[in-house]
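# Summary of structural features
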Amino acid sequence: MFPSMNIRMLLSAAIVLVLAISSLPLLDPKYFLSWKPRVSTVADLIVRNGVIYTSDDSLLFADSMAVGNGRVLRVGNYSFVQELADYRTKELDLGGKIVVPGFIDSHVHFIYGGLQMAQVELRGVNKKEDFIKRIKDAVKSSKQGSWILGGGWNNDLWGGDLPSASWIDDFTQNNPVWLSRMDGHMGLANSVALKLAGVTKYSKDPPGGTIMRTASGEPTGLLIDSAKKLVGSQIPEDSVDDRREALLRASNLALSRGVTTVVDVGRYLPGGSSDLSWVDFSDVYQWADTLLKMKVRVCLFFPMETWSHLADLIKRTGLALSQWLYLGGVKAFADGSLGSNSALFYEPYVDDPENHGLLVTDAEVLLNLTLKSDLSGLQVAIHAIGDRANDLILDMYSLVASTNGMRDRRFRIEHAQQLASGTPGRFGKQGVIASVQPDHILDDAESAGRKLGKDRAEKESYLFKSLLDGNALVAMGSDWPVADINPLSGIKTALTRRPPTWEKSWIPSECISLEDALKGYTIAAARASFLEKQVGSLSPGKFADFVILSADSWEEFAEEASASVEATYVSGVQAYP
Ligand SMILES: *[C@@H]1O[C@H](CO)[C@@H](O)[C@H](O)[C@H]1NC(C)=O
Ligand SMILES: *[C@@H]1O[C@H](CO)[C@@H](O)[C@H](O)[C@H]1NC(C)=O
């Protein structure tokens, strides 16, 4: 009798039903994980009129994208994605700007970096006077007796002279001071800190460490490798609140740089405590995840000696704890660093002719741990910088793969920095992932020549193009806080290989294309951590994590390799600015 009314009632009932269903996932974050996109979902947001680079080879560029329930629904032309719009759908006109998938930083020390942000920043300091001034300023704003902590200094930036306590003792008589070198293998203590730690002229070097001394045997304040613990053990531990704030600070910084996912390789450094990663996992990450305070997605690697703990945990929880927190695998160290002359090489260091560097983990222990971790299904990542360390790990990976049998294991080498001739091809052949950090080129181009000799450095340093040509999966990252967390800078460096003061590229034949660099920070990085089903490209069904860049055209971006982040979206929601 009243057909129009019946239809209206039916319609409103249908709308109520649709609203109820589509709001369900918001109630329970875990729902996202099992949620499969429905073909007919309505878009919450349509992004249009831009240059959308997807990192998905099936459709690399598009001008529009539809987002719903935090996921990418459709990518293509405007009329195609518009089919999913209704009265609730918001539109974002990009005005021709570039959009890329949210960046994935494949190697960061996230909590450590966030803690360091609250300390004296010495990264980039290139004058002794500036170094001194920053500590002076910090003393002014510190309470008497409190520790002054800082890090990131690099003596190579002011000509190589190592700092000493005498630089800062005059004005730090009331505060112990500890300042880490950028690579974390060395630090400077002032005399107050040395006294607290009981380090004197008569102290012996601990095994695996060095107390640097003047000609008359007095400690200079510099402590290397395990000797760092002498002072480190005196520094009050970071409180839970400090570490939680560190996560928030680190997350906000990451988002401002377009980073929406990080791989946190932990707070473990050679000679340090291996428990920190687990303490941070429970106190900081699980806490933030449970209270829905996570802002970037984090994939965690834990010290390899704790493999059975991780394997048990994954058996109970699976790899994804939520849409924010993922259990990645285990990490170990093969060698040290180039900056501290402890990366392991076939040939000795030119500036230290008795020294080939060192294996920091006993080869048999490392093999045993890798066999067990791999057999229990864990992904394994091992730090290797020197050419010899890289070959040893590739040999070992090959032995482990043949012992444990075929599977999709995705072994990783972290840094893969100096590679002997023939080695780049082995990564692709063996299916080993190279997890590299382009911006280390900015610090190393100068010093690698000095430490290895110009020829050797040019043959074997940061061989990104050779790795790609050999079909290796090359995942990119920053190693933050060792280098800045800044994918756009890393991309520029991978394309140009030119440190700021250089006129020419360092090893121009190893420059890579914009597309390869973008993939290194997106889809390749996702594959390198088994996250390619969730993130890494703007493909239907994946999280709608994306970044709007300031560059006006793709040509401009490709040519100058420079752009800045205008906005960062996570799960389709603006997270920066
Ligand atoms: C828009 O995309 C759809 C789906 O890919 C395609 O069928 C259609 O031809 C496109 N329209 C235009 C104007 O290019
Ligand atoms: C490695 O494992 C083998 C066999 O399980 C064992 O005999 C050997 O002692 C282990 N070596 C080390 C250094 O742990």
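The structure presented is a predicted model; accordingly, all values stated were derived computationally and were not measured.

## Describing the site of ligand 2
Every residue near ligand 2 is listed here: Glu-364, Val-365 and Asn-368. Note that a nitrogen atom of ligand 2 is positioned 2.8 Å from one of the side-chain N or O atoms of Glu-364. Within the contact set of ligand 2, an oxygen atom lies 2.3 Å away from a side-chain nitrogen or oxygen of Asn-368. Compared with its free state, where it exposes 360 Å², ligand 2 has 33% of that area covered by protein.

## Some details on the packing of aromatic side chains
In this structure the tally under the stated criterion is 19 aromatic pairs. Considering the side-chain rings of Phe-131 and Trp-158, the 5.5 Å spacing of their centres and the 70 degrees angle between planes classify their relative orientation as edge-to-face. Note that Phe-131 is positioned in helix H5 (residues 128-140) and Trp-158 in the loop between strand E10 (148-153) and strand E11 (177-181), a separation of 27 residues in sequence. You'll find Phe-131 and Trp-158 in the same group, each marked buried. The interplanar angle of 20 degrees and the centroid separation of 3.9 Å between the aromatic rings of Trp-278 and Phe-302 together place this pair among those described as stacked. Taken together, the positions of Trp-278 in helix H9 (residues 276-290) and Phe-302 in strand E16 (residues 297-303) put the pair 24 residues apart, joining distant regions of the chain. In this structure an aromatic cluster arises from ring pairing among Tyr-53, Phe-61, Trp-554 and Phe-557.

## Looking at the confidence of the model for the protein
Model confidence for the protein is summarised by a mean pLDDT of 91, while 92% of its residues fall at 70 or above. Throughout residues 16-20 the model reports pLDDT below 50, and contacts reaching past four residues in sequence, or to other chains, amount to two contacts. For residues 23-32, every residue scores under 50 in pLDDT, and the model assigns this stretch nine contacts once sequence neighbours within four places are set aside.

## Describing the nonpolar core
Grouped together as the largest cluster of nonpolar side chains are 99 residues, with contacts concentrated most on Phe-110, Ile-382, Phe-427 and Phe-557. Excluding residues within four positions of it along the chain, Ile-382 makes contact with Met-304, Ala-332, Phe-333, Ala-334, Leu-366, Thr-370, Ile-393, Met-396, Tyr-397, Arg-412, Ile-413 and Glu-414. Counting residues in each nonpolar core, the second largest holds 20 residues, with Leu-122, Leu-188, Leu-222 and Ile-224 among its members.

## Comments concerning empty space enclosed by the protein
The probe, sized like a water molecule, is rolled over the atoms to show the empty space still left. Under the definition given, this model contains four cavities of 30 Å³ or more. Of the pockets and cavities examined, the largest cavity occupies roughly 430 Å³. Around the largest cavity, the lining comprises 35 residues; the ones closest to its centre are Asp-183, Ser-337, His-440, Asp-479 and Val-482. Mapped by element, the contributors of at least two residues to the lining of the largest cavity are helix H4 (110-117), E10, E11, strand E17 (325-333) and helix H14 (440-452). At five residues, H14 tops the list of elements feeding residues into the lining of the largest cavity. The residue inventory of the lining of the largest cavity, partitioned by class, reads eleven nonpolar, 16 polar and eight charged. Volume-wise, the second largest cavity comes out at about 50 Å³. Taken together, the elements giving at least two residues each to the lining of the second largest cavity come down to H9 and E16. In terms of residue count, the dominant contributor to the lining of the second largest cavity is H9 (four residues). A breakdown of the residues in the lining of the second largest cavity according to their chemical character gives six nonpolar, two polar and three charged.

## Digging into the side chain of Asp-387
Relative to the helices and strands, Asp-387 resides in helix H12 (residues 387-404). The buried charged residue Asp-387 lacks any salt bridge partner; its closest oppositely charged side chain belongs to Arg-456, at an N-O distance of 4.8 Å. Contact partners of Asp-387, with chain neighbours within four places excluded, come to Leu-344, Phe-345, Tyr-346, Gln-418, Leu-419, Ala-420 and Glu-460.

## Some remarks on the packing of H12 against helix H13 (residues 423-430)
Axis separation between H12 and H13 bottoms out at 11 Å; the angle between their running directions is 25 degrees. Considered as vectors, H12 and H13 are oriented roughly parallel to each other. Note that H12 runs across H13; the crossing there is left-handed. Contacts from Asn-390, Asp-391, Leu-394, Asp-395, Tyr-397 and Ser-398 in H12 reach Thr-423, Arg-426, Phe-427 and Gln-430 in H13. Taken together, the residues of the contact of H12 with H13 sort by class into three nonpolar, four polar and three charged.

## Looking at the sheet that holds strand E24 (residues 573-576)
Spatially, E3-E2-E7-E22-E23-E24 is the arrangement adopted by the six strands of the open sheet, whose pairing is mixed. At either end of the open sheet lies a strand with only one pairing partner, and these are strand E3 (61-62) and E24. Sheet topology places strand E2 (residues 51-53) next to E3; two bridges connect them, and they run antiparallel. Along E3, the bridge assignment pairs Tyr-53 with Phe-61.

## A few points about unusual backbone geometry
Following Trp-480, the chain continues into Pro-481 via a peptide bond in cis, with omega recorded as 10 degrees. Following the sequence through the fold, Pro-481 ends up in the loop between strand E21 (474-476) and helix H17 (487-496). With an omega of 0 degrees, the peptide bond running from Tyr-576 to Pro-577 counts as cis. Position of Pro-577 relative to the elements: it lies in the segment after E24. Of note, the phi angle at His-415 is positive, near 90 degrees, even though the residue is not glycine. Mapped onto the elements, His-415 comes out in strand E19 (residues 412-415).

Conventions used here
- Residues numbered from 1 in each chain as written.
- Chains lettered and ligands numbered in written order.
- Predicted model: local features only at pLDDT ≥ 70, side-chain atom pairs only at ≥ 80, totals over all residues.
- Heavy atoms only, no water.
- Near = heavy atom within 4 Å.
- Polar contact = N/O pair within 3.5 Å; in protein donor to acceptor, adjacent residues only side chain to side chain.
- Areas by Shrake-Rupley, 256 points an atom, 1.4 Å probe, with all protein chains shown as cover.
- Phe/Tyr/Trp six-rings, centres within 6.5 Å; stacked < 30°, edge-to-face > 60°.
- Helix = DSSP H or I, 4+ residues; strand = E, 2+ residues; numbered from the N terminus.
- Buried < 20%, exposed > 50% of the residue type's maximum accessible area, 1.4 Å probe, protein only.
- pLDDT = per-residue confidence, 0-100.
- Contact = heavy atoms within 4.5 Å.
- Core = buried A, V, L, I, M, F, W, Y, C linked by side-chain atoms within 4.5 Å.
- 1 Å grid on protein atoms, 1.4 Å probe; cavity = no way out; pocket = protein on both sides within 12 Å on 5 of 7 lines; lining within 4 Å.
- Points joined across faces, edges and corners; volume = space filled by probe spheres on them.
- Nonpolar A, V, L, I, M, F, W, Y, C, P; charged D, E, K, R; others polar.
- Lys, Arg positive; Asp, Glu negative; His and termini not counted.
- Salt bridge = Lys/Arg side-chain N within 4 Å of Asp/Glu carboxyl O.
- Axes fitted to C-alpha atoms, helices over the stretch in contact; angles between N-to-C directions.
- Parallel < 35°, antiparallel > 145°, perpendicular 65-115°, else oblique.
- Left-handed = near helix turned anticlockwise from the far one by under 90°.
- Pairing = 2+ DSSP bridges.

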